[in-house]
Structures are given as structure tokens and as C-alpha cells.
Amino acid sequence: MGIRQKVKVRGGAAVAVAAVLALALAGCGGGGEKPKEPTKSETPQSQGSSPQQPAPTASKGSGPPEVIATVQGSSGLVLEINSAVRDQDGYVTVSGQIKNTGSSTFSDIGAFRGDEQAASPASVAGASLVDTAGKKRYLVLRDTEGRCACTTGLAFMKSGESVAFFAQFPAPPATTNTVVFGLPTFAAATIKLSG
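Analysis parameters
- Residues numbered from 1 in each chain as written.
- Predicted model: local features only at pLDDT ≥ 70, side-chain atom pairs only at ≥ 80, totals over all residues.
- Heavy atoms only, no water.
- Disulfide = S-S within 2.5 Å.
- Buried < 20%, exposed > 50% of the residue type's maximum accessible area, 1.4 Å probe, protein only.
- Helix = DSSP H or I, 4+ residues; strand = E, 2+ residues; numbered from the N terminus.
- Pairing = 2+ DSSP bridges.
- Axes fitted to C-alpha atoms, helices over the stretch in contact; angles between N-to-C directions.
- Polar contact = N/O pair within 3.5 Å; in protein donor to acceptor, adjacent residues only side chain to side chain.

Asks: Let's hear about the state of the cysteines: which residues, and what values?
Replies: Across all of its chains, the model carries one disulfide by this definition. Between the sulfur atoms of C148 and its disulfide mate C150 the distance is 1.9 Å. Linking C148 and C150, the disulfide has an S-S dihedral of approximately -75° and is accordingly described as left-handed. Judged by relative accessible area, which is 2%, C148 ranks as buried.

Following this line, the structure appears as C-alpha cells:
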């Protein structure tokens, strides 16, 4: 074999080796696929499998959130509802703030949980929605361990303090646009559903 033939063979072998390596690397690297986005059921949840707590909704612009209802409670507490949104999955999420406008610290947070005793003791699990037209009452959703789909971990509220809250319910029929929101110790609030 002459020198020219050896050079041709070596050059061809180098090209073949480079091609094999390129294919091997492309197979390991994923080939430019987009990373899989988590589905709704795969998104991280707080407290095991209970729903995440949504952030308070802000109105358009840079001002404070829109207030769709305000009701008085005991001991100078005020409940402001910022949104009541129906989603495509068949749920309604009500969110807002509880403000202590009284002159002293409010400590009876347990009253907000209603009859709840164990799974969600420091919560707004006692909240409900009433569809007056359909004559039906909707309670806060629960996970498989009995924890509410609502704000938990509430503590004392000092004078002037505000605490954000949310509660998620089964959605009433699509023809129902107005419901009555109730939370123990507060007056009932008639609210309009959006979404």
C-alpha cells in the first residue's frame, strides 16, 4: 500500500469516527427538545397535596387590589373580598384580606375554621358559598387527607394588621353569576363571579 492510499484510509476512518461520535452525543443530549412543563396536577403544592395559596390579585395599574365586597366582623375585623374567580376546571376561588381595625389584638382565629377540628385548625375552612337561585350551599374543598383548599396557619392579628386569605369551592352552575360568601363571625357578602 502506498502512502497516498494510507492517507485516504486514515482520512475516511477519521470522518467515520467523527460521525459516530456526533450521533452518540446527539442521542445523549436530547437533541434540542423543550423541557416538559409541569401539568396542573404536577405543580408543587404546599402542605403535601393541598392547593397552593394564590397571591392576592392586584387591579390593573399600580394601585391597591380591587375590592368587590366589604363586610364587618366581630372585634373590629373587616373582611375585604378582592376576587371571586370561576376557572375552567370547575372551581371558584375567593380571595381577599382580613383586617384588624380594632384597638386590640384579635386572638379568636379558631372561629374562622367553623366545625373543622383537626386537619386545618388555624384556617378559613368554615367559609362557604351559597347559590341562592339554585338553593345550594358549597363548602371549602378538601384534599384526600381532609386539609382545606384555603388559607391555613393563621395566628393572632395585631391592631392594624391585615392577613391575605383564599378559599376554593366547587363552582356552581355556569348560569349562576352571583353568590353569597360567608365566613364565621362576619356578615354575609353578596359577590359576583368572574371568569
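Asks: Quick rundown of unusual backbone geometry? Include the residues and the values.
Replies: The backbone of S75 shows a phi angle near 55°, a positive value even though the residue is not glycine. With respect to the helices and strands, the residue S75 is situated in the loop between β1 (69-72) and β2 (77-86). One non-glycine residue, K135, adopts positive backbone phi at about 50°. On the basis of relative accessible area, K135 is assigned to the exposed category, the value being 75%.

Asks: If you had to explain the sheet that holds strand β4 (residues 128-131) to someone new, which residues and values would you point to?
Replies: One open sheet holds the four strands; their spatial order is β5-β4-β7-β8, and the pairing between them is antiparallel. This sheet does not close on itself; its edge strands, each paired only once, are β5 (136-139) and β8 (189-192). Averaged over neighbouring strand pairs, the angle between their axes works out to 30° when direction is ignored.

Asks: With reference to specific residues and values, describe the side chain of S95.
Replies: Mapped onto the fold, S95 is located in strand β3 (residues 91-100). According to the relative accessible area criterion, S95 is buried, its value standing at 6%. A distance of 2.8 Å separates a polar atom in the side chain of S95 from a polar atom in the side chain of S83.

Asks: Any chance you could break down the sheet that holds β1 for me, citing the residues and the numbers?
Replies: An order of β1-β2-β3-β6 is seen for the four strands of this open sheet, with the pairing classed as antiparallel. The outermost strands of the open sheet, each flanked by one partner alone, are β1 and β6 (162-170). On average, each strand axis in the sheet is inclined to that of its neighbour by 25°, with strand direction left out of account. The pairing of β1 with β2 spans four bridges and is antiparallel. Considered in β2, the bridge of Q72 is made with V78.

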